[in-house]
Amino acid sequence: FISRILGFLRDMVIAAVFGTSFYADAFFVAFKIPNLFRKLVGEGSLTVAFIPVFTEYMGGHSREDTKRLVGSAFSFFAILLFIITLVGIALSPFFVDLFSPGFVKTAGKLDLTIRLTRFMFPYLFFIGLVALCMGVLNSVRHFAGPAMSPLWLNVCIILSVLLLTPYFGRPVYALVVGVLCGGIVQFTFQLPFLKHTGLMPVFTKDIFPEPVRRISFLMVPAVLGVGVHQLNILITTRFASMLPSGSVSYLYYADRLVQFPLGVFGIALSTALLPTISEQSFKKDWAGFKDSLSYSIRLVAFILIPSTAGLIVLGRPVISLIFQHGAFNYNDTVNTSNALFFYSLGLIAFAWVRILASAFYSLKDLSTPVKAAAVAVFANIIFSLIFMKPLKHGGLALATSLASLVNFIILFWFLRVRLGRFGVRGILSSVVKTGLISCVMAGIVYYISSFGDWVHGGVFFNTMILTGSIITGVTVFILLAYAFESSELKAVIQVLRLKTN
């Protein structure tokens with residue numbers, strides 16, 4: 001949560017200095033490219049392949065053997081990441097042209113994006129090692145260190161923009177310095193946690209023992225699955241680069257707002273779920289496995305359905321208050337809110353896909369998520385071609401949401417065929433109940449927010465209106481959930497009581 005708040009501050013700073021300009025578009029595309037590889041060989045594939053194997057290995061081997069495995073894994077993947085980084089720097093022109101062919105229409109935009117990409121590629125090396133740290137720490141049920149890791153990236157970028165932009169002829173290079181420093185700090189921040197758990201990596205010549213080979217082989221379908229998913233981002237960015245200038249930035253800022261509830265609740269829960277269901281799968285505890293899965297799906301829906309309603313009715317006020325400063329004007333607010341509306345429609349599907357994918361990973365079935373993601377990519381292309389002309393960048397956001405819904409439906413179907421019933425009626429009942437409560441909440445929140453002046457209003461007055469809207473909305477939702485005897489609300493209260501005790 002803290003990391004996401006700092007992420008908003010980071011984006012506020014970037015929006016105030018660069019807005020939706022030529023430089024902002026170039027940076028956002030350049031940053032997406034090493035991030036794509038981060039997800040391909042980092043937490044998107046390495047973590048999900050590492051945790052099931054490592055969890056199983058810890059159950060049958062001594063602490064010393066486990067520590068040696070950690071050293072071998074770090075040695076092997078450090079070499080692999082170093083090679084990928086060098087190749088990425090060399091092939092940056094190819095990747096930039098692949099992501100943003102429309103940039104060639106603006107003089108200097110393509111060349112600047114290539115240079116930014118080359119300078120930022122070393123970020124991949126450090127953030128890839130962070131993903132391996134995450135796999136080790138999550139396997140021993142330590143989540144705080146990895147969860148706090150992005151906090152430092154946000155801090156480094158904010159400080160770089162505020163302190164270093166006057167020293168560059170092109171201030172956008174200050175963002176590059178922030179990204180590189182952020183990667184280094186994120187990695188070094190994990191080391192004390194590894195040392196505390198007794199699993200501090202020691203580099204070794206035995207870099208490819210049998211467990212590392214198993215992890216590597218599991219990574220192949222995982223990379224394909226994540227790669228297919230990342231194609232959706234590539235498709236959206238390519239199409240956006242062909243739309244009017246600023247479209248890439250509108251989609252970026254809208255996506256950042258969607259990522260707040262998704263990251264705090266959806267991704268966090270799927271991250272915590274994977275070690276648990278991996279252990280249940282290893283022990284053949286299928287009743288516990290299905291209970292954990294059903295509980296996670298219902299809990300995510302309970303939190304993200306009202307979040308979706310809130311983003312839809314408060315999209316423009318939130319964007320106005322957070323981003324509409326400096327170079328970011330009201331027209332940018334309107335265009336970003338259009339993208340946010342369509343992204344919000346897919347929020348629950350985005351989170352459910354992560355939950356169901358974790359279930360398949362724990363079963364060491366990585367091929368089904370690949371197939372589902374491949375169909376979703378094809379759907380994204382079709383939807384993009386249908387909607388981008390009438391809805392512009394909003395159509396691309398809608399296509400992404402619909403493609404995620406297709407992905408979820410496929411994963412849900414195959415998981416039900418494999419596991420049988422896992423509380424589908426309870427899930428459906430919970431979703432309907434939460435949806436009705438959220439509609440009532442949304443109506444009240446919309447009415448309160450209408451008192452704000454989101455075009456020229458003062459920051460203090462609008463902050464009070466928006467804060468009042470959110471507090472009222474949360475209060476109404478909790479009271480109605482309590483009145484309808486929501487089991488998810490009871491579960492959340494029970495967890496909070498356990499934490500406070």
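See above for the structure.
Residues numbered from 1 in each chain as written. Predicted model: local features only at pLDDT ≥ 70, side-chain atom pairs only at ≥ 80, totals over all residues. Heavy atoms only, no water.

Enquirer: For this particular structure, what's the right way to read the environment of Thr 400?
Expert: Residue placement: Thr 400 occurs in helix 16 (residues 393-419). Given a relative accessible area of 16%, Thr 400 falls into the buried group. Sequence separation between Thr 400 and Ala 359 is 41 residues; the distance between their C-alpha atoms is 23 Å. Excluding its chain neighbours within four sequence positions, the residues that come into contact with Thr 400 are Thr 236, Tyr 343, Phe 350 and Asn 380. Among the polar contacts made by the side chain of Thr 400, one reaches the main-chain carbonyl oxygen of Leu 396 at a distance of 3.1 Å. (Helix = DSSP H or I, 4+ residues; strand = E, 2+ residues; numbered from the N terminus. Buried < 20%, exposed > 50% of the residue type's maximum accessible area, 1.4 Å probe, protein only. Contact = heavy atoms within 4.5 Å. Polar contact = N/O pair within 3.5 Å; in protein donor to acceptor, adjacent residues only side chain to side chain.)

Enquirer: What am I meant to see in helix 6 (residues 109-120) here?
Expert: Residue pairs three or four apart in sequence face the same way in an α-helix, which turns once every 3.6 residues. Relative to the 16 Å expected for twelve residues at 1.5 Å per residue, helix 6 spans 17 Å between its end C-alpha atoms, a close match to the ideal helical length. Every buried residue of helix 6 is accounted for by Lys 109, Leu 110, Leu 112, Thr 113, Ile 114, Leu 116, Thr 117 and Met 120. Those residues of helix 6 that are buried are in contact with helix 2 (22-41), helix 5 (92-99), helix 7 (123-139) and helix 9 (172-196). (Expected span 1.5 Å × (residues − 1).)

Enquirer: Help me understand helix 18 (residues 459-483), please; the structure alone is not making it clear to me.
Expert: In a regular helix each residue adds 1.5 Å, so 25 residues correspond to 36 Å; helix 18 covers 36 Å between its end C-alpha atoms and thus fits that length. For helix 18, every residue scored as buried is listed here: Asn 462, Ile 465, Leu 466, Ser 469, Gly 473, Val 476, Phe 477 and Ala 481. Within two residues after helix 18, Glu 485 carries a phi angle of roughly 55 degrees, on the positive side.

Enquirer: Can you walk me through the nonpolar core in this structure?
Expert: Phe 27, Phe 37, Phe 74, Leu 116, Leu 293 and Leu 415 are the most contacted members of the largest nonpolar core, which totals 150 residues. Per-element tally for this core: the top contributor is helix 12 (residues 286-323), with 18 residues. In this view, Leu 415 contacts Leu 293, Leu 356, Ala 359, Phe 360, Leu 363, Gly 420 and Phe 422; residues no more than four positions away in its chain are not counted. (Core = buried A, V, L, I, M, F, W, Y, C linked by side-chain atoms within 4.5 Å.)

Enquirer: Explanation requested: the packing of helix 12 against helix 14 (residues 347-362) in the structure shown.
Expert: What describes two packed helices is the angle between their axes and the distance between those same axes. One can describe the packing of helix 12 onto helix 14 by two numbers: an axis separation of 8 Å at closest approach and a directional angle of 165 degrees. Judged by the inter-axis angle, helix 12 sits roughly antiparallel to helix 14. Every pair of crossing elements has a handedness; the one defined by helix 12 and helix 14 is right-handed. Counted together, Phe 289, Leu 293, Ser 296, Ile 297, Val 300, Ala 301, Leu 304, Ile 305, Ser 307, Thr 308 and Leu 311 of helix 12 and Leu 347, Ile 348, Ala 351, Trp 352, Ile 355, Leu 356, Ala 359 and Ser 362 of helix 14 form the full contact between these two elements. By residue class, the composition of the contact of helix 12 with helix 14 is 15 nonpolar, four polar and no charged. (Axes fitted to C-alpha atoms, helices over the stretch in contact; angles between N-to-C directions. Parallel < 35°, antiparallel > 145°, perpendicular 65-115°, else oblique. Left-handed = near helix turned anticlockwise from the far one by under 90°. Nonpolar A, V, L, I, M, F, W, Y, C, P; charged D, E, K, R; others polar.)

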